[in-house]
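The primary structure of each chain is shown beneath.
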Amino acid sequence: MLNSSGETMVYDVAVVGLGAMGAAALYQSAKLGASTIGIDRFVPPHTNGSSHGGSRVTREAVGEGPAYVPLAQRSHRILEELERETGEPLLIKSGTLIVGSPMLGATPLHGAQDFLESSIKMAEQFNIPHEILDAATLRQRYPEFKAFRDTDRGYLEPNSGYMRPEALIKTQLDLAAELGAHIRTNTIVTALEHRDGIVHVSTSDGSTIRARKVVACAGAWSRKLLGAPFDKILTVTRQVLHWYAVEDASKFDNMPVFIWFVTDKLEDYFTGFPIMDPAEGIKMVASRDTPDIDHEGMDKSVAIEESLDFYDKHVGPNMNGVLRKVMDAGSCLYTNTPDNGFIIDDHPHIPGVLVVSACSGHGFKHSAAIGEAVAQRLCNGKSQIDLSAFTLKRFI
């Protein structure tokens, strides 16, 4: 890209990877007046990474800990602002319901020993509207569920629900472009190098993009692009999404998003969503502790046997009115850190590069606010929300 004098342009901010975090960072940087460019190896929104599937659960009382709550809350406000500006529904407040019994002997989930109890504490600490339901109330209110235990409690957050990932990414990229951001798709970033105060971004077409600051949001591709120490810290796992037919869609279209700890074993928890389109069926997922993979060679397809096995182990025994008929299935990638937290920090060996990865499978609900905080940090020198909990020094 040449400027009006015929010289190679130096952008204020270049964003590598335009998924959840990258789209938000590009939009917010452009909104602050920075000259920006975004680069993606595909055409976002797409189904090759971590930011797709039609719906992503959100909640403000984030059981993972207090560092996350301000990000989730601010993300909600940003989505509401975007909805007013564009008319596009992005945050569907179906309510979010977390169900479980005391899990003091269970394996921690994202650092929380008892995820339900931690969520309740966050709601109390941050004055988030919520309701606590005992087992009798759960049985009466939610007949879609088969087998609540007498020890089960429900945490219901009425002002949460789910985000629409593809719509949110597209909205932010469209607005960024309107604000003057350049967007290059089907372009692979092959290297990042800092020389003479500028970050040189090498691309697969042989061109070089120059920027004062680079935001690296490459997800599963971060290990190869960023090198040490990220190549040893990050792992990539395959996660599967399932859609099943139901007997009566009207019984599921007004239900809350749910996260149900059926037993005290993490392998028995799963998440479900209200029906968005009866023709699609009901979406059910679970974050499984799967092996680290080479995502470049991963088969994105999902065998029907995987969906039937998930149904037999989790859905069928626990849900009323959900049929053993697979409507659709898909896979996505989680890029994880050892403590399942985020990394938002400067690259230790490449000046000018801010790393915003990994998001460890629970980053989408925070992405709009992270993009804003990153833009503030790069353009104003400091973010309004404290990001110090997500430094790289935890691992090196």
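All values reported here derive from a predicted model rather than from experimental measurement.

What counts and how
- Residues numbered from 1 in each chain as written.
- Predicted model: local features only at pLDDT ≥ 70, side-chain atom pairs only at ≥ 80, totals over all residues.
- Heavy atoms only, no water.
- Buried < 20%, exposed > 50% of the residue type's maximum accessible area, 1.4 Å probe, protein only.
- Helix = DSSP H or I, 4+ residues; strand = E, 2+ residues; numbered from the N terminus.
- Arc of directions from axis to C-beta.
- Pairing = 2+ DSSP bridges.
- Axes fitted to C-alpha atoms, helices over the stretch in contact; angles between N-to-C directions.
- Contact = heavy atoms within 4.5 Å.
- Parallel < 35°, antiparallel > 145°, perpendicular 65-115°, else oblique.
- Left-handed = near helix turned anticlockwise from the far one by under 90°.
- Nonpolar A, V, L, I, M, F, W, Y, C, P; charged D, E, K, R; others polar.
- Salt bridge = Lys/Arg side-chain N within 4 Å of Asp/Glu carboxyl O.

**Q** In this structure, what is going on with helix H8 (residues 304-315)? I would like to understand it.
**A** Structural remark: α-helix, 3.6 residues per turn; residues separated by three or four positions point the same way. Taken residue by residue, H8 has Ser307, Leu308, Phe310, Tyr311, His314 and Val315 as its buried positions. Projected down its long axis, H8 shows its buried positions confined to an angular sector of 160°, all on one face. In H8, the exposed residues that point more than 90 degrees away from the buried face are Glu305 and Lys313.

**Q** Would you take a moment to explain the sheet that holds strand E14 (residues 257-261) for this structure?
**A** The strand order E6-E7-E5-E14-E15-E16-E13-E17 describes an open sheet built from eight strands, whose pairing is mixed. The open sheet is flanked by strand E6 (131-133) and strand E17 (322-336), the only strands paired with a single partner. Between one strand axis and the next, the sheet turns through 20° on average, direction left out of account. The strands that helix H3 (residues 115-125) touches are strand E5 (96-100), E6, strand E7 (153-157) and E14; relative to E7, the one it contacts most, it runs at about 40°. Its contacts with the sheet place H8 against strand E13 (235-246), strand E15 (269-272), strand E16 (282-285) and E17, and it is angled at close to 100° to E17.

**Q** How do you make sense of the packing of helix H1 (residues 20-31) against helix H9 (residues 367-380) when you look at a structure like this?
**A** How two helices sit against one another is set out by the angle between their axes and by the gap between those axes. With their axes 7 Å apart at the nearest point, H1 and H9 run at an angle of 45° to one another. Considering the angle they form, H1 stands oblique to H9. The way H1 lies across H9 gives a crossing that is right-handed. Contact residues: Ala20, Met21, Ala24, Ala25, Gln28 and Ser29 in H1; Ser367, Ala368, Ile370, Gly371, Glu372, Val374, Ala375 and Cys379 in H9. For the contact of H1 with H9, the class distribution of residues is nine nonpolar, four polar and one charged.

**Q** Teacher, can you tell me more about the pattern of salt bridges here?
**A** Should their charged atoms come close, side chains of opposite charge can pair. Going through the model one piece at a time under the given rule, you end up with 22 salt bridges. A salt bridge links Glu117 to Arg153; the shortest N-O distance between them is 2.7 Å. On the criterion of sequence distance, the pair formed by Glu117 in helix H3 and Arg153 in strand E7 is long-range, its members being 36 residues apart. The partly exposed category is assigned to Glu117, whose relative accessible area is 26%. Here Arg238 ties to Glu306 by a salt bridge, and the two come within 3.0 Å at their closest N and O atoms. With Arg238 in strand E13 and Glu306 in helix H8, the pair connects residues that are 68 residues apart, well separated along the chain. Given a relative accessible area of 29%, Glu306 falls into the partly exposed group. Within the structure, one salt-bridge network assembled from shared partners comprises Glu60, Arg77, Glu80 and Lys93.

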